[in-house]
Structures are given as structure tokens and as C-alpha cells.
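# Residue-level structural notes
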Amino acid sequence: MEAFICASCGELGITAGSHRLWCHRSYKAKWPLRALLCCFASIAAQNDIYEWCRDHRAHHKFTDTDADPHNIKRGFFFAHIGWLMCKKHPDVAKRGKSLYLGDLWADPIVRFHRRLYVPMSLFFCYILPITIPVWYWGESKWNSFFIAGVLKYCYNLNITFLVNSAAHTFGSQPYNKYIMPRENAFVSFLAHGEGWHNYHHVFPWDYSTSELGYTLNFTKAFIDFMAWIGQAYDLKSAHPQMVKSRKVMTGDGSRMKQLGEKEQLFLCSQSYAP
């Protein structure tokens, strides 16, 4: 149970922190929440916040090209983990220079995490999760190491990797059928809402990454709770009319049944660009 809780916190560090807060600026957070998410991101240990956001912004700006760090067109394995096992394509570094990262460096918590990433990750990803079971309920050191340490870490990694691989391969494309990202409920279930990926690539500024509310989206619930207690604010969302229009203009029709015939005709008559 302790390992599962730690894994969930680590996942939130990526989904609510590195991804939705720092990378996409889909909402703002006061420093206590930013500090908490920094610690959670250290549990996940998937590079420091600055580097994680740099790679992800490159992924969005150059999706499905050689400048995309985990380009799905190079294969499922490459997008899942292969991109971390080989030298990056020259276009990743060349075109990545055009990315704006000044907003990240302006945050002292991001700078702090980059400077102390190794000791923070060792402490939050391994030392603390392994020590708690041993001290408080007498778990053996080896069981604690392999379950609360190694297994938890591998689980977190592969959940995030599934967003890059499975959520770009399996599922529908109700918002834009011309890009690879898909709507994948299984990935959303595991990754706290990150599997609604076709929506996310069309509306990356939306803090919920979905139009389905809290459906398989624990991260949205977490952010909404933080907003309720005053730690998160300025939550950004795509306008419902814009979402409906994209379904009509560029979607694959998989969610068109949600729209009435008259509404579809009206939206088709509008001059929304794909």
C-alpha cells in the first residue's frame, strides 16, 4: 500500500506538476503547492523539472517529426523507452534551440530542483519509501527495497512511457484525426488522466486535458481540490464551443453522436480553422 501511495504521488508530480503546471502553464500554483509537486516529481525521478519540460515542449512543437524526442513514427518501442537508450536525432537539438524556456528558469523552485535533482531523487524515490516500511511495520529491508523502491520506480516510468507509446498508437481521434495522439482510456486510468491525448494535443493549455470531467482523471480532481483550498488558481480550459467545432472540422467522428444534427450543421458552417 505504501508503495502504491508513493507511486501515485510520484505520478502526480509528473501529471499535475511537470506536465500541466510547468510545461503547459495550464494553471498557476502558489509556492507551497509548487514545492510539494517538486517533491512528488522527485519521487518519480524522471529527470529534473526543467529537462522534463524541455523534452515535452519539443514533443508538442515538433510532434511526429525527427525533432520529437520520442517520435512515435520511429516505432512503438522507440516511443516507449528506446528514445532514452540511444543518441538523440540531430534535429532534436537543432530545432530544440527555438524553444522558449525562460519562464521555467524564472521559477526558483525549478532552479532548485535542477541543482539538487540527484540528492532529492535519491531521497524521495528510494531512501524515504524504503525506510518507512522498515521502521514503522517491520518490513524486511529487501522486500522494501524491491517493492517500495525498484518496483515503484519501474511502475512510474512505464506509466509515463505508455503516454508516449500506447496513447499515440491505440484509440480514437475525435478532435484531430491528422495527428498520431489518441484517446486511450486504459492509459488514462493508469496515468491519472494523461491518456486523453488527442484532446490534449489539440488543446494543450487545458488543465484538465479532457472534456470528460473527472472521468479517469484523478489529476483534474487533485488540481480542483488545490484550487478549492486556494493553492491553485487561474485554471485554463478550452471553450466548449471550440471543442465541439474541432470535432466537426478535424475529428474522426467517434464522438459526433454527442452532437445533434442541427448542431453539427451549424458548426460545419462556421469558419474554424483545423
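What counts and how
Residues numbered from 1 in each chain as written. Predicted model: local features only at pLDDT ≥ 70, side-chain atom pairs only at ≥ 80, totals over all residues. Heavy atoms only, no water. Helix = DSSP H or I, 4+ residues; strand = E, 2+ residues; numbered from the N terminus. Polar contact = N/O pair within 3.5 Å; in protein donor to acceptor, adjacent residues only side chain to side chain. Contact = heavy atoms within 4.5 Å. UniProt positions renumbered as here; feature names shortened; annotations may be inferred. pLDDT = per-residue confidence, 0-100. Expected span 1.5 Å × (residues − 1). Buried < 20%, exposed > 50% of the residue type's maximum accessible area, 1.4 Å probe, protein only. Patch = residues over 30% accessible without salt bridge, like charges linked within 9 Å, V, L, I, M, F, W, Y side chains within 5 Å. Areas by Shrake-Rupley, 256 points an atom, 1.4 Å probe, with all protein chains shown as cover. Salt bridge = Lys/Arg side-chain N within 4 Å of Asp/Glu carboxyl O. Core = buried A, V, L, I, M, F, W, Y, C linked by side-chain atoms within 4.5 Å. Disulfide = S-S within 2.5 Å.

### Points about the side chain of Asn 217
Assignment of secondary structure puts Asn 217 in the loop between α11 (197-202) and α12 (218-228). Polar side-chain contacts of Asn 217 include one of 2.6 Å to the backbone oxygen of Ser 208. Beyond its immediate sequence surroundings of up to four residues, Asn 217 is in contact with Arg 20, His 192, Gly 193, Ser 208, Thr 209 and Ser 210.

### Digging into the UniProt feature "transmembrane region" (unreviewed entry) in the chain
Using the residue numbers shown here, the UniProt feature "transmembrane region" (unreviewed entry) corresponds to residues 116-138. Summarising residues 116-138: 91% helix, 0% strand, and an end-to-end C-alpha distance of 31 Å.

### So, the confidence of the model for the chain
Averaged over every residue, the pLDDT of the chain is 91; residues scoring 70 or more account for 93%. Throughout residues 265-274 the model reports pLDDT below 50, and contacts reaching past four residues in sequence, or to other chains, amount to 14 contacts.

### Brief notes about helix α9 (residues 141-164)
Taking 1.5 Å per residue as the helical rise, α9 with its 24 residues ought to reach 34 Å, and the 34 Å between its terminal C-alpha atoms agrees with that figure. Where α9 is buried, its residues contact α1 (2-23), α2 (31-44), α4 (76-80), α8 (117-137), α10 (185-190) and α11.

### Considerations on the UniProt feature "domain: Fatty acid desaturase" (unreviewed entry) in the chain
Mapped onto the present numbering, the UniProt feature "domain: Fatty acid desaturase" (unreviewed entry) falls on residues 12-204. Note that residues 12-204 is 62% helix and 1% strand, and that its end C-alpha atoms are spaced 17 Å apart.

### A short note on helix α3 (residues 49-61)
Between the first and last C-alpha of α3 there are 18 Å, a value that for 13 residues agrees with the 18 Å anticipated at 1.5 Å per step. For α3, the full list of buried residues reads Ile 49, Tyr 50, Trp 52, Cys 53, Asp 55, His 56, Arg 57, Ala 58, His 59 and His 60. Elements that come into contact with the buried residues of α3 comprise α1, α2, α6 (102-105), α7 (108-115) and α11.

### Let's talk about a nonpolar patch on the surface
A contiguous nonpolar surface patch, about 430 Å² in accessible area, is contributed by Val 118, Leu 122, Phe 123, Ile 127 and Leu 128. One can find Phe 123 in helix α8. Judged by its relative accessible area of 37%, Phe 123 falls in the partly exposed class.

### Things to note about the nonpolar core
Trp 22, Tyr 27, Leu 33, Leu 37 and Phe 222 are the most contacted members of the largest nonpolar core, which has 31 residues in total. Elements supplying a minimum of two residues to this core: α1, α2, α3, α7, α8 and α12. Aside from chain neighbours lying at most four places away, what touches Tyr 27 is Ala 16, Arg 20, Leu 21, Leu 33, Leu 37, Tyr 207, Ile 223, Ala 232, Tyr 233, Asp 234 and Leu 235. Listed in part, the 8 residues of the second largest apolar core include Leu 162, Val 163, Val 187 and Ala 191.

### Here's the deal with unusual backbone geometry
Excluding glycine, residues mostly carry a negative phi; peptide bonds, for their part, are mostly trans. With a phi angle near 50°, Arg 25 is a residue other than glycine that sits in the positive phi range. On the secondary structure map, Arg 25 appears in the loop between α1 and β1 (28-29). In this structure Arg 25 comes out as partly exposed when scored by relative accessible area, which is 29%. Positive phi outside glycine occurs at His 192, with the angle close to 55°. Relative to the helices and strands, His 192 resides in the loop between α10 and α11.

### Things to note about the pattern of salt bridges
The final tally for this structure, using the stated rule, is 11 salt bridges. Residues Lys 28 and Asp 234 are paired through a salt bridge, measuring 3.5 Å at the closest nitrogen-oxygen approach. One end of the pair, Lys 28, is in strand β1; the other, Asp 234, is in the loop between β2 (232-233) and α13 (240-250), with 206 residues separating them in the sequence. Its relative accessible area of 39% is what places Asp 234 among the partly exposed residues. For Lys 220, the salt bridge is made with Asp 224, and the minimal N-O distance between the two is 3.2 Å. Note that Lys 220 and Asp 224 are positioned in helix α12 at a spacing of 4 residues, about one turn of the helix. A relative accessible area of 16% places Asp 224 in the buried class.

### With respect to the state of the cysteines
Each disulfide is one covalent bond, formed between the sulfur atoms of two cysteines. Tallied over the entire structure, the rule returns 0 disulfides. With no disulfide partner, Cys 125 has as its closest neighbouring cysteine sulfur the one in Cys 6, 9.1 Å distant. The buried category is assigned to Cys 125, whose relative accessible area is 0%.

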